[in-house]
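Tertiary structure, described
Okay, here's what each chain looks like letter by letter:
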Amino acid sequence: MYKSLPILSVLTMCALTACNNESNNPTAQAPAEQTATGYKITEQSFGSFEGQPITEYTLTNPSGMQVSIINYGGAVTKLLAPDREKQMGDVVTGYASIEGFTQKENPYFGGLIGRYGNRIGGARFTLEGKTYTLPANDNGNTLHGGPKGFDKVVWNAEKVAGDSSLKLTYRSKDGEQGFPGNLDVTVVYTLTSDNALKIDYTATTDKATPVNLTSHAYFNLSAGRDSTILNHQLHLNADRYTPVNDVLIPTGQIAAVKGGPMDFTTEKPIGRDISQVKGGYDHNWVLNKEGNGLTKAASLYDSVSGRYMEVYTTEPAIQFYSGNFLNGTLKDTKGGQNYVKHGALCLETQHYPDAPNQPSFPNTVLKPGETYKQTTLYRFSVR
Ligand code: GLA
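Residues numbered from 1 in each chain as written. Predicted model: local features only at pLDDT ≥ 70, side-chain atom pairs only at ≥ 80, totals over all residues. Heavy atoms only, no water.

1. Concerning the nonpolar core
The biggest cluster of nonpolar side chains holds 60 residues, and the ones touching the most others in it are Ile270, Trp285, Phe320, Leu347 and Phe380. Here this core gets five residues from one element, more than from any other, and that element is strand β13 (residues 183-191). Setting aside anything within four residues of it in sequence, one finds Phe320 in contact with Leu234, Leu236, Phe264, Ile270, Tyr281, Asp282, His283, Trp285, Leu345, Cys346 and Leu347. (Core = buried A, V, L, I, M, F, W, Y, C linked by side-chain atoms within 4.5 Å. Buried < 20%, exposed > 50% of the residue type's maximum accessible area, 1.4 Å probe, protein only. Helix = DSSP H or I, 4+ residues; strand = E, 2+ residues; numbered from the N terminus. Contact = heavy atoms within 4.5 Å.)

Laid out in structure tokens, this is it:
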């Protein structure tokens, strides 16, 4: 069941007790809320899609950090964060125009993922005695909500008073991509005063349905100085992960990472053990936490630029995907960049893959009268 989250109390508690900020401490300081001054949102046309205008909204915080988001797929198109020398650099992948985002091969760059992020095995699930068949788009499974998931629809966008947030809404109709119930989704992107991109998701339904929302932003903290993320140092606050079969559906086991290539409990370079993992990293780690409070999930460090990113979430798990399918062939990329294999990575905070078919996994079914909530922050600093 989804319950309301004690985010404010976590923030308040940290403010009162001056939580320490040690990188491997899961209860480390949660980012502060922003004040309304010094923020700005600008808009520019980003072309059109199926006759609807697409707009790029750029949010700026008082220290000059910026994030740009389009109403197509609610995708993050640009994220400027400072390096050690205070030089801003774009740390996410993206395209120069809407045609880039709508190309068939776009591997979900920056998009909002739903109704069910990650895979549903066999493209079907049974809920309250009824079996639902979904369109399959990944080796007979349904990936990221199906062929026309939330990353491929036009969202309504509205600036929130104070200009630190952009609010996106979308109604996914009963039966869309095979899922039951009209699902009303709201996603609020906020730039905080302490350089975090905060994403708040809420959803309500009129029929029981699985819901698993996430962001598919791809990061390379070097902002163009290193062509891959293999030298980035990753920490995952997870002692366990969910092993998968050949088509990346969880086997149902929960395995310990200890000492093996999946072990990121202590920060290590992504490239160190990647050759021991068939296909590269594309797995779901079970976060060390109880309940659904906002806790540290991951951190990522690029020693070239000094950029350090921490990920906090209310979700129970995180999919770390090491950009295994990038191959330098995407068209219309920003600045003509070549996104090569392992050129960028995703840290998708989420519930477990295939949970609708795996009763032992945490519940993903949202019922009428309940509110789905998830909050994730990507906070940027330097070391
Ligand atoms: C997710 C999946 C990957 C891949 C990428 C997009 O992260 O887990 O297997 O499909 O999206 O290429």
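From this point on, the discussion continues.
2. Notes on the sheet that holds β13
Strand order in the open sheet formed by nine strands is β11-β12-β13-β14-β28-β24-β23-β18-β21, and the pairing between neighbours is antiparallel. Unpaired on one side and paired on the other, β11 (156-159) and β21 (268-269) mark the two borders of the sheet. For strand β23 (residues 295-301) and strand β24 (residues 307-313), the ladder comprises six bridges, and the chain directions are antiparallel. Counted as the bridge partner of Ala298 is Val311 from β24. (Pairing = 2+ DSSP bridges.)

3. Description of the site of the ligand
In the vicinity of the ligand there are 13 residues, among which Arg119, His144, His216, Asp282 and Glu348 approach most closely. Asp282 places a side-chain nitrogen or oxygen 2.3 Å from an oxygen atom of the ligand. Partitioning the shell around the ligand into residue classes produces seven nonpolar, three polar and three charged. (Near = heavy atom within 4 Å. Polar contact = N/O pair within 3.5 Å; in protein donor to acceptor, adjacent residues only side chain to side chain. Nonpolar A, V, L, I, M, F, W, Y, C, P; charged D, E, K, R; others polar.)

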